[in-house]
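# Chains, contacts and geometry: an overview
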Amino acid sequence: ETGVTQTPRHLVMGMTNKKSLKCEQHLGHNAMYWYKQSAKKPLELMFVYSLEERVENNSVPSRFSPECPNSSHLFLHLHTLQPEDSALYLCASSQVGLTSEQFFGPGTRLTVL
Amino acid sequence: RKEVEQDPGPFNVPEGATVAFNCTYSNSASQSFFWYRQDCRKEPKLLMSVYSSGNEDGRFTAQLNKASQYVSLLIRDSQPSDSATYLCAVSLNSGYSTLTFGKGTMLLVSP
């Protein structure tokens, strides 16, 4: 596998479910990001992990909980979501200290019923 | 004022046309600038980084004007395969990169 992979690619969940999104990067990067993309809105940065530490949390509700067990893996744990949380969730990675170029995974399209 | 602004379009152009997009940003401390391409229901893909001296990659040319705080992308001899949404992204370069994206400009190139 190369680049950034995400699973699942599609997810439908009820408001009371708990699910997790997984991201894995095979680029040797040391920073990872979660973004949310809703219709007619720009990409919104949710969380940043740099060198496995969470360095940014952009006022994201606590029903979204990130986890970064190592520099190659990133999770987004979801619980008691709302229908307005339906969106495309994108993971990205970059190398700290060189350029700022971020590379994205294919995303998970989430629908909350 | 929005941090990164782009004309949403769509820009409808015939094949072979030259088309230009602008992107303005509000934070004068911004250090890094990028253009991404996003196809419908797909992830953004890095098209090019934008350097202060400008840069060119084939039919694509990017320019940066820090004094006026805008970034531009020029596509020459546009092809139907160039049809996509073009996202401008700006970073403050704080070690890791915190990209702020515009909403994107949609381009439709007709054969």
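Presented here is a report on the structure given in the accompanying data block.

Conventions we followed
- Residues numbered from 1 in each chain as written.
- Chains lettered and ligands numbered in written order.
- Predicted model: local features only at pLDDT ≥ 70, side-chain atom pairs only at ≥ 80, totals over all residues.
- Heavy atoms only, no water.
- Helix = DSSP H or I, 4+ residues; strand = E, 2+ residues; numbered from the N terminus.
- Rg over C-alpha atoms; globule rule 2.2 N^0.38 Å.
- Contact = heavy atoms within 4.5 Å.
- Areas by Shrake-Rupley, 256 points an atom, 1.4 Å probe, with all protein chains shown as cover.
- Core = buried A, V, L, I, M, F, W, Y, C linked by side-chain atoms within 4.5 Å.
- Buried < 20%, exposed > 50% of the residue type's maximum accessible area, 1.4 Å probe, protein only.
- Buried area = accessible area lost by both parts, 1.4 Å probe.
- Salt bridge = Lys/Arg side-chain N within 4 Å of Asp/Glu carboxyl O.
- Polar contact = N/O pair within 3.5 Å; in protein donor to acceptor, adjacent residues only side chain to side chain.

### Digging into the overall build of chain B
Check the secondary structure of chain B and you find zero helices and eleven strands. Reading chain B from its N end, one meets helices and strands in the order β-β-β-β-β-β-β-β-β-β-β. For 111 residues, the compact-globule estimate of 2.2 N^0.38 gives 13 Å, and the C-alpha radius of gyration of chain B, at 13 Å, lies within 12% of that figure. Referenced to the eigenvectors of the C-alpha coordinate spread, the extents of chain B come out at roughly 40 × 30 × 25 Å. Look at the contacts in chain B between residues 6 or more apart in sequence, and 57% of them connect residues 24 or more apart. Carbon and sulfur atoms provide 48% of the accessible area of chain B, an area that totals close to 5,400 Å².

### A word on the nonpolar core
In this structure, Phe21(B), Trp35(B), Val71(B), Leu73(B), Ile75(B), Tyr86(B) and Leu107(B) are the most contacted members of the largest nonpolar core, which totals 23 residues. Setting aside its immediate chain neighbours within four residues, Phe21(B) contacts Phe11(B), Trp35(B), Val71(B), Ser72(B), Leu73(B), Ile75(B), Tyr86(B), Thr105(B) and Leu107(B). Grouped together as the second largest cluster of nonpolar side chains are 22 residues, Val4(A), Leu21(A), Met32(A) and Trp34(A) included.

### Remarks on the interface of chain A and chain B
Tallying the contact residues gives 26 residues for chain A and 21 residues for chain B. Buried area between chain A and chain B, both sides added, is near 1,800 Å², and the carbon and sulfur share of it is 55%. Its largest share of buried area at the contact with chain B, chain A owes to Ser100(A), Glu101(A) and Phe104(A), together 27% of the area lost on that side. Along the contact surface separating chain A from chain B lie zero salt bridges. Seen at the junction of chain A and chain B, the total is three residue pairs in polar contact (both at pLDDT 80 or more). Take the side of chain A that touches chain B: its biggest share by element is four residues, from strand E4 (residues 31-37) of chain A.

### So, the pattern of salt bridges
What the rule picks out here adds up to four salt bridges over all chains. The shortest N-O distance in the salt bridge between Asp85(A) and Arg63(A) comes to 2.7 Å. On the criterion of sequence distance, the pair formed by Asp85(A) in the loop between strand E8 (73-79) and strand E9 (87-94) and Arg63(A) in the loop between strand E6 (53-57) and strand E7 (64-70) is long-range, its members being 22 residues apart. Salt-bridge contacts for Asp82(B) lead to Arg59(B); the nearest nitrogen and oxygen are separated by 2.8 Å. Remark: Arg59(B) occurs in the loop between strand E6 (55-57) and strand E7 (60-65) and Asp82(B) occurs in the loop between strand E8 (70-75) and strand E9 (84-91); sequence separation between them is 23 residues.

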